[in-house]
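Read off the chains here:
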Amino acid sequence: MKLELQGITKTFGPLVANDHIDLVVEPGEIHALLGENGAGKSTLMNVLYGLYVPDEGRILVDDAPVTFAGPGDAMAAGIGMVHQHFMLVPVFTVAENVVLGHEPVRGAGLIDLPEARRRVKEISDRFGFHVDPDAYIEDLPVGVQQRVEIIKALSRQAEVLILDEPTAVLTPQETDELIGIMRQLKESGTSIVFITHKLREVRAVADRITVIRRGKVVGTAQPSSTETELASMMVGRSVDLGVDRSVAVPGEVTVQVRNLTVIDQAGVRQIDDVSFDVARGEIVAIAGVQGNGQTELTEVVLGLQAPVAGSVTLDGVELVGRSVRDVLHAGVGFVPEDRSTDGVIADFSIAENLILDLHRYEPFARGVALRPAAVRENAEKRIAEFDVRTGSIDAHASTLSGGNQQKVVLAREMSRPLRLLIASQPTRGLDVGSIEFVHTRIVQERDNGTPVIIVSTELDEVLALADRILVMYRGRIVGDVPGGTDRDVLGLMMAGVPLDDAVRQAAEHRTTLGVADLEAAAPGAPPAPPAPPTAPTSPTAPTMPDQEEL
Amino acid sequence: MSAPTIDAPASARPASAQVLPPIRWHAPIAYAAVALVGLVVFGLLGPSGETSTFGISTSRDFIQFTPFSVPSKLTAIVLCLGALALAGVSFYETRRREKAGVWLPITYGVLMVFAFLVWAVAGKDSALPLTGLLQGSLFLAIPLVFGALAGLLCERSGIINIAIEGQLLGGAFLAAVVATLTGSAYAGLIAAPVAGALVGLLLVLFSIKYVVNQIIVGVVLNVLVIGVTSYLFSTVLKANPDTWNNPPGLPVISIPVLSQIPIIGPVLFRQTALVYIMYVVVIVLQIMVFRSRWGLRLRSVGEHPKAADTVGIKVNRTRLRSTVLGGAVAGLGGAFFTVAAGLAFGKEMTNGKGYIALAAMILGRWSPKGALAAALLFGFANNLQLQLSIIQTPIPSQIMLMTPYIVTIFAVAGLVGRVRPPAAEGIPYTK
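Throughout what follows, the structure given in this document is the object of discussion. Remember, predicted model here, so these are calculated numbers, not experimental data.

Basis of the calculations
- Residues numbered from 1 in each chain as written.
- Chains lettered and ligands numbered in written order.
- Predicted model: local features only at pLDDT ≥ 70, side-chain atom pairs only at ≥ 80, totals over all residues.
- Heavy atoms only, no water.
- Helix = DSSP H or I, 4+ residues; strand = E, 2+ residues; numbered from the N terminus.
- Rg over C-alpha atoms; globule rule 2.2 N^0.38 Å.
- Buried < 20%, exposed > 50% of the residue type's maximum accessible area, 1.4 Å probe, protein only.
- Contact = heavy atoms within 4.5 Å.
- Areas by Shrake-Rupley, 256 points an atom, 1.4 Å probe, with all protein chains shown as cover.
- Lys, Arg positive; Asp, Glu negative; His and termini not counted.
- Charge placed at Lys NZ, Arg CZ, Asp CG, Glu CD.
- Pairing = 2+ DSSP bridges.
- Axes fitted to C-alpha atoms, helices over the stretch in contact; angles between N-to-C directions.
- Phe/Tyr/Trp six-rings, centres within 6.5 Å; stacked < 30°, edge-to-face > 60°.
- Lys NZ or Arg CZ within 6 Å of the ring centre and 35° of its normal.

## Quick look at the overall build of chain A
Reasoning step 1: Looking only at helices and strands, chain A features 19 helices and 24 strands.
Reasoning step 2: Here chain A has a C-alpha radius of gyration of 24 Å; the compact-globule value for 550 residues is 24 Å, and the two agree.
Reasoning step 3: Relative to its 550 residues, chain A shows a buried fraction of 55%.
Reasoning step 4: In chain A, the share of contacts with a sequence separation of at least 24, taken over all contacts with a separation of at least 6, comes to 67%.
Reasoning step 5: For chain A, the exposed area adds up to about 22,200 Å²; of that, 52% sits on carbon and sulfur atoms.
Reasoning step 6: Averaging the locations of the 50 positively and 78 negatively charged side chains of chain A gives two centres separated by 4 Å.

Shown next as C-alpha cells:
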C-alpha cells in the first residue's frame, strides 16, 4: 500500500508543529523519519493515525484521499502504530490487549478467549516472538511489550506500520532483533515508517530518509550518507557528536553506598545488595533498561524512599534515615528523571522554580517573608548563566520547552555548592543543542571536583559522559566497567549477562550498532577491544537468572 | 510477647540475599488484642450462670427448630479462645512470611461476633432470631449493593461517582411518587432508575464536557438532589400525601421449594422482586465486566484511556454510557427506601447509605461479587445494631448506632490491604 501525505500543517496555538509536510511511503519500504526531539515527528504521525486533525493538507492511501476522524479509521485503512509510550493496559493480558477494540465474541458479547490467544500465537509464531498470550503486560519487560504492540498492529492487518522511537527503551541486542523484525516485515510487504533521532539506526535499516527540522521537511537522504551529514541536516548546523571533555582525575572517594537493599510494598526487591563508591571528580553512570532499580537508587540516596538495609555515606556522614531537606543541605544536588512533574512546578514562575530548595535561606528569606527582589535578581543571573530561553522570569515553568525546563532544574541544583550531583535521565527528550549544553555543564561540575552520578537508559549518553559505568539489572549491579566499554558488552549486561560472558558473547556476535561504533572509531584509533574488567565486580555476579532468552 | 533473642551473636550471616523486608506484625497483634479483650469482657467478666438463647426458624418455616440455649460465660470463653488460637495461627504464618488465607479473618470475625452475641443476649428471655438477623442483613444490604455496583460501573470507566447518595435519593423519591400515582409498586420500580440515570447524566456531563473535578460535581449533585426532593416533599408531597406519597409496597414472592430450606431459604428466597433483580444484576455484571467485550472496553477506558482511544474505542462515549447506566442501577437501589417496603418518601431518607456503598465498592475491590460481600457485611453490622437495641443489651444505643460506621472504617482501612483502583479514575480524558 502506498501512503502519501501532502501539505500537512498542524498548529498548537502559536506553535507550528508541522508546516506543510510532504511525505511519500512506497509499498514495502522502510522509510525513516529523522528529526530531533521536538521537531514535529510525533505530531505528524499522530495526524496520520487520526489522533490529531490536521489544519491543512491531506492524506492519500493508494492515491485516493482519505480522512481519519479517529484511530479507528486509520486502522481500517491499514495503518498501524507502535507508540513511543506503549498503548497497552498494564492489568490486561497480552491477548486482551491485542484484541481490544476488535474482539472476537461468542454469544451474548462474551470474548472468545481461545480465538484471541490463537491470533496472538499465529503472529507471534510467524515472527518468532515467543510471547505468552496469557501473561499480564505489567509483568513483561519493555522489549516484549513492544512485540505485543507490533502483534497488536499486525493483527489488525496493518499494511503500513509506524514505529515511534522504537529503540528508545531497548538494549543494543534488542534493537538488533527489532531491526531483524523490521526487515522481515518488509519482506512480507509491510511498509514501515521509522521515527527516530538516532542516526546509526537510521543508516542501518532505512531505505529512504526524510529529515524534519522545526516542523518542516528539510530534505531527504540516502542511508549511505554519513552520520555527520545526517546530523547537520537534522540540527541545521554542524554538530560535534562527542562531548568535549578532558580525562577524569578522580580524587578521594567521598560517596560510599554499601549493601543497599530496597523492597517495595509488593515484596519485590527493587534494589538488591548494591554497593559502590564514587570519587570526587568522577562521573559514574548507572546504565540499565528502565525499571531495573535505578529510580529507587536515586530516591534512596535523596531520602525519598527508605531502604530495608544498607548505608549511603557522603563525606563519611550517613544519609540513610535523614530527611530530604537534610540530604539537600548536606550538598546533594538532584536532577529528577521526570523534569516536568518532579523537576519543576509547572504553575510556578521560573524565578520561583529557581529557589524551590533555597527559599528558606538568606538571601531569599527574611524571617517568614520571602524577598522578591532577591528572588528576581537570582533568577536574572541564573537565566543568563544557563542560557534559559524565555520571555520573562515571571513566566510559568510550563511555558518553557523541555530543554529550557531542564536548564532551570540544573541552574537551581548547581546554584548551591555541591558535594554530590545526581542526574537522572538528564537529557531525555531534549534537542541536540540542549543536550550539548547539559552535558557540558555536567562535565564542568565534575571538573570542579564534584562526584557525579548519572542515571541513563541511553547508551549513547552513558558512553558520552561516563568515566565509569555501573550496569544495573533487576536491582543488582552486574558490572562495574570503565567508561568507553564496548556497547555490545554493556547491552548484554543490561540484559543480565555477567561481564565475562558478555565480553565473550559480544565478540562472537556483533550487533549492527556495535559494528557502527567500531566503524566510527576506525578512522582514528584502532577499534577498542572490549574493555577488560578493572575493579573486581562487587560480590554479586555469579548466578544470574533469566538468561534463557539469550 | 515473644521469647527474648538469645542467639544475638549468630547474626554474622552472609551479606548477600539475606536481607528480608521487616515483618509486619500489625494483623496478628490486632487479632490477639481483640480476642484477649473479648476473653476478659465477654468471658471472664461476663455474667455467670446465665444462658443465651438463639432462635433459628421463622414461624412460616416448613421444618421448625426449637430455639437453643447455651451457657453464656462458658460459650463466650470457648469462642474467644478459638479466636485466640486463630491469632496464634496468624502469628505463626506471619513469622514464616506466609500469607494467611481469607478464611482466617472470616472465621475469626464469625467467632468474635458470636462471642459478642452470647454476651449481649445473656440472661434475656427472648431468643435472638438468627434467621431474622441474616434476613435483615440482606434487606439492609440492598441499597448498598446497588450503590456499590453503580460506583464500580462508573469507576471502572474512570468516572468517580460520589453522587451515589443523590442517585439513591432521587430513585427513592421518584419511585414513591410514580408508585403512588399509578397505584402500582412495579411502576415505581421502573421509574426509580430513571431518576438515578438523570443524576448520572448530570455527573458525566459536567465531568466530561466541562471537565469539572468529579468529586466536587458529585458532592454538589448530592446536595442538589437533597434540595430538590426536600423542596418537592415540603410543597407537594406533604400537602396531599394520599395523591403523591403513599406508595404500595412490593409483594414478597416466595420461590417454591427453595424458600423452604431451613435458615437460608427464607433469607434468600422469600423476598421482593427488588432482591431477585439484585441477584440477577450482581451475577450479570460479574460476568459482563470481566468476560465480555463491553466489560473489556469499559475497563480499558478506566485503566488507560489513551490506549483505548488508539484502538478506536470512543473513550468519553463509553464513560457517558457507563455512568448513566451506573446512575440507573443506583436509582433502582433507591426504590428500596420507598416501594420495597411500601414506605412514604421522607426528607434525606437515604441517610448516608450512598457513601457506605462507596466504601463497600472499595472493600469489594471494584468487583460485583466483592461489592455484594462487602455490602452484606455492612448490612449485618447495621442489622445487629437494630436487633440488639430491640432486646436491650448492656451497650448504650448510641454506641451501637456507630457500629456500622466503625466497621466501615476498619474494613476500608485495614482489611482491604493494598487495593488498586482503576488507574485513570477521576482523570478527564482530553486529546
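## Comments concerning the sheet that holds strand β13 (residues 253-263) of chain A
Residues and elements named next belong to chain A.
Reasoning step 1: Reading across from one edge, β14-β13-β16-β17 is the order of the 4 strands in this open sheet, with antiparallel pairing throughout. Edge positions in the sheet fall to β14 (269-279) and β17 (317-318), since each of these pairs with one other strand and no more.
Reasoning step 2: Judged from the 5 bridges that link them, β13 and strand β16 (residues 309-314) form a sheet pairing that is antiparallel. The residue of β16 that forms the bridge with valine 257 is valine 312.
Reasoning step 3: The sheet strands contacting helix α9 (residues 294-302) are β13, β14 and β16, and the helix crosses β14 at an angle near 65°.

## Digging into the packing of aromatic side chains
Reasoning step 1: This model, assessed by the stated rule, comprises 16 aromatic pairs over all chains.
Reasoning step 2: Ring centres of phenylalanine 206 of chain B and tyrosine 210 of chain B lie 5.9 Å apart, and the angle between their planes is 45°; this geometry places the pair in the tilted category.
Reasoning step 3: You can call phenylalanine 206 of chain B partly exposed: its relative accessible area is 33%.
Reasoning step 4: Through pairs of rings, three or more aromatic residues link up here, namely Phe42, Phe116 and Trp119 of chain B.
Reasoning step 5: Seen from the ring of phenylalanine 437 of chain A, lysine 407 of chain A lies directly overhead, with NZ or CZ sitting 5.0 Å from the centre.

## Considerations on unusual backbone geometry
All names here are of chain A.
Reasoning step 1: With an omega dihedral of 0°, the bond running from glutamate 362 to proline 363 counts as a cis peptide bond.
Reasoning step 2: Considering the arrangement of structural elements, one finds proline 363 in the loop between α12 (350-353) and β19 (365-366).
Reasoning step 3: One non-glycine residue, arginine 214, lies in positive phi territory at about 45°.
Reasoning step 4: Its location among the elements puts arginine 214 in the loop between β11 (208-213) and β12 (216-221).
Reasoning step 5: A relative accessible area of 75% places arginine 214 in the exposed class.
Reasoning step 6: In this structure, arginine 474 takes a positive phi of about 50° despite not being glycine.
Reasoning step 7: Of note, arginine 474 is situated in the loop between β23 (468-473) and β24 (476-482).

## Side note on the sheet that holds strand β18 (residues 332-335) of chain A
All names here are of chain A.
Reasoning step 1: Strand order in the open sheet made by the 6 strands is β18-β21-β22-β15-β23-β24, with mixed pairing throughout. The sheet is open, and its two borders are formed by β18 and β24, each paired with just one other strand. Averaged over neighbouring strand pairs, the angle between their axes works out to 15° when direction is ignored.
Reasoning step 2: Looking at chain direction, strand β15 (residues 283-287) and strand β22 (residues 452-456) are connected through 5 bridges and run parallel. Among the inter-strand pairings, valine 284 is bridged to a residue of β22, identified as isoleucine 453.
Reasoning step 3: Contacts from helix α17 (residues 487-494) reach β23 and β24, with the element oriented near 30° to β23.

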